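# Structure assessment
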2 protein chains.
Amino acid sequence: MFAMSNPERPVRLGFVGVGSRGTSMLQTALMLEGVEITAISDIVPERVERAQQLVMESGQPKPKGFTGEEDYKKIADLTNVDAVFTATPWSLHTPVMVATMKAGKYGGTEMPACDGYEEAWELVETAEQTGMHCMLLENYAYMRNVMMVLNMVRHGLFGELTHCETGYQHDVRYATIGDQGELLWRAHERYLHHTGNRYPTHAIGPVSQWIDINRGNKFEYLVSMSSRSLGLNHYVAKNYGADHPNAKRQYKAGDVNCTLIQTANGITVTLYYDSLSPRPVDFIYRIQGTKGIYSGTLDKIYLEDTSPVPHQWEDIEKYVEEYDHPLWKKYGDIAVQTGHGGSDYLCMRDFVEAIRHQAAFPIDVYDAATWSIITKLTEESVLNKSKPVDFPDFTRSKWRERKPLPIVNS
Amino acid sequence: MFAMSNPERPVRLGFVGVGSRGTSMLQTALMLEGVEITAISDIVPERVERAQQLVMESGQPKPKGFTGEEDYKKIADLTNVDAVFTATPWSLHTPVMVATMKAGKYGGTEMPACDGYEEAWELVETAEQTGMHCMLLENYAYMRNVMMVLNMVRHGLFGELTHCETGYQHDVRYATIGDQGELLWRAHERYLHHTGNRYPTHAIGPVSQWIDINRGNKFEYLVSMSSRSLGLNHYVAKNYGADHPNAKRQYKAGDVNCTLIQTANGITVTLYYDSLSPRPVDFIYRIQGTKGIYSGTLDKIYLEDTSPVPHQWEDIEKYVEEYDHPLWKKYGDIAVQTGHGGSDYLCMRDFVEAIRHQAAFPIDVYDAATWSIITKLTEESVLNKSKPVDFPDFTRSKWRERKPLPIVNS
């Protein structure tokens, strides 16, 4: 049973995992009206204290603190917690969400929501069995440009869609190797023992919403290919000497991974994961159809019927007033004070408002499972000569009837 | 036996096919020193006359004219022809080249050099058996930016290479559908009965040279995926009415095709073919390695050790003086008077100079076969759920010993 029934009452959140990311999202939640942080959990006591301090500084009572490894279960059971948000290490995302939903609460998780088939199905089936909801807080789906593109798609500016290209292209070597050349958590979770696309959701999230994945369309299968692995060796050798053991280690992940995805209605997607090479950030965010194309790389648009010069890009600027997403128009000024270009604010806000109104989440358990499983599917493809690998249908055919995401969820 | 032995003597060329492209390349050849056009063939007599006229206007004697369907065989046998260049419809490229080499002459062809496995092997085996050479005149390998990148690669600016992205992204609907909505030759040769990448060489040519394909590296296999097909229907309906038969026809080619290619040394390539959507031209030409990245889309570069701002693109401008390709430095002023940004001139020049010096062609029969076969391999992959399809090794293992292309061939 869902604990809350009065939308005028504050939404009461428990936070599990308050390291760097969890703390940042906690601060974002504290900016929202009608939100109370009532419980904090982390295995590092100092982090719990820091988080409690932040909550109190905002004028709220001190939230209850927990430091046990499985204390997320205790938080889920608290009567003064309506929903739990987790920013733990990846391996705990599904366990925390499952415990939360089983306790009759809404859950929200950082990406990825799950690791592999078993966890993905566990997440989906727990949501279906409990009637609770679980949101992947994919903040990149709330970036101003991708939300404007979603709005443009719904206005038919690109005509019938045919193709998208997207990618997490961000040099994270500095956050993968420590300042003694040691391997940090990213190295272990992403690069040392795994290949394929280990971080797909920032890139695939917005695109999935553009092309109605799980809501009239469906990812059918993918093929994936990785380049050779040189980036981490080069980085460690350059900065910590060629004799450093991590300069000579064999990393399983290739430097650049690229994946092609086929969908039920024939829109195709190219998906990059390029995080171990010296390069400027570029998430690509390209979308095209029978009437035009937008390029996030260029932040330019070309629309056959309206662009003034045939086959010449136009600056996006002149479209912003008309097509800026309603949530950005309304909350943009506050949002930009938060992390990741303001996307953190709108993402946390959507999470909280859905809880407040007992509504479905805009990024629900089916999306969370579908976007996250790409990690597994791409690895399987890469390890088998880029063979096609089918997506599980987590909706069990409900994607055919599910309606497109509303432009404004709450 | 090769007919010519004196490098001081003019190179004597026969032209087979003098439509729009053949005529343009004829005019380019006439700009070169020490070149004589001694024979012209086309099934349209007026084209032969126009070409003869152009040659005479340049001060040369009237070349012998031919109009028979198989008169390219007669041209190959002429004693005053050293080499034959063909710009016929695609289906004649291989027959003309084979007849030319069998007559003991050098051959040059427009893209693609061949269609399918059988023609590709026929081309290779004829070259090996006759000891003659055949060049694919891939003018895009002579573009200023891609040649500068090749020069930068050889100077090690990008470190060890890991990935390239390239594509023929050029809206050719206007040249595919005639002004009554009828299907032109492009529609028949590329889109009506075929899928996959029907025009790979402009995109893959420069990249193949960057990553030493057939010269120390080798294309191993590819996977390919096509989007749904809407572009031509939309275009005909919009311009000639929804009831036009070509607005309702089913075209086999998807609007956007994307291919991933694995190579022997682990450098991967993403290859686009996007020619039926309203879009600005963009050939991508991205290359990256352990030290940096160049983007042709942006015409910008980032080099970790030298770019002034970490993870920020730099304009390419400041690198041009140092890394502009020697041939562009020397011939750039003349070249830019010719088609395709000057690439036609340098391409025809390399063709002629190799003949003059009886040297190997910079784009030889192995490259011609390898680049052209992509058409066949991608179609096979697309029609079989994007399954991996192996490249034939046209070099029969000689790629391991063949030396990288010299920066200046002649």
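Keep in mind that what you see is a predicted model, and the values were worked out from it rather than measured. (Residues numbered from 1 in each chain as written. Chains lettered and ligands numbered in written order. Predicted model: local features only at pLDDT ≥ 70, side-chain atom pairs only at ≥ 80, totals over all residues. Heavy atoms only, no water.)

### Section: the sheet that holds strand 5 (residues 106-109) of chain B
Residues and elements named next belong to chain B. Ordered by their spatial adjacency, six strands build an open sheet running 3-2-1-4-5-6, and the pairing between neighbours is parallel. Two strands bound the open sheet, and with one partner strand each, they are strand 3 (64-66) and strand 6 (134-136). Going across the sheet, the axis of each strand differs from the next one's by a mean of 25°, ignoring polarity. Strand direction decides the pairing type here: strand 4 (residues 83-86) and strand 5, joined by four bridges, are parallel. (Pairing = 2+ DSSP bridges. Helix = DSSP H or I, 4+ residues; strand = E, 2+ residues; numbered from the N terminus. Axes fitted to C-alpha atoms, helices over the stretch in contact; angles between N-to-C directions.)

### Observations regarding the pairing of strand 12 (residues 292-295) of chain B
Residues and elements named next belong to chain B. What you see with strand 12 is no split at all: Gly292 and Tyr294 on one side and Ile293 and Ser295 on the other are buried throughout. Inspection of the sheet shows strand 11 (residues 286-289) paired to strand 12 by three bridges, in the antiparallel sense. Bridge pairing in strand 12 places Ile287 opposite Tyr294. Count of turn residues in the strand 11/strand 12 antiparallel hairpin: two residues. Pairing between strand 12 and strand 13 (residues 300-303): four bridges, direction antiparallel. Within strand 13, the residue paired with Gly292 across the bridge is Leu303. Connecting strand 12 to the antiparallel partner strand 13 that follows it, the hairpin turn spans four residues, and Asp299 within it adopts a positive phi of roughly 50°. (Buried < 20%, exposed > 50% of the residue type's maximum accessible area, 1.4 Å probe, protein only.)

### Considerations on the relation of the copies chain B and chain A
The two copies are related by a screw motion: chain B maps onto chain A through a turn of 180° and a shift of 0.0 Å along the axis, at an RMSD of 0.1 Å. Each copy turns onto its partner about a two-fold axis. No C-alpha of chain B approaches the rotation axis more nearly than that of Lys387 of chain B, which lies at 2.8 Å. Taken as a fraction of all interface residues of chain B, those also at the interface in chain A reach 100%, which identifies the copy contact as same-surface. (Least-squares fit on C-alpha atoms with pLDDT ≥ 70 in both. Contact = heavy atoms within 4.5 Å.)

Geometric values such as these leave the question of function open.
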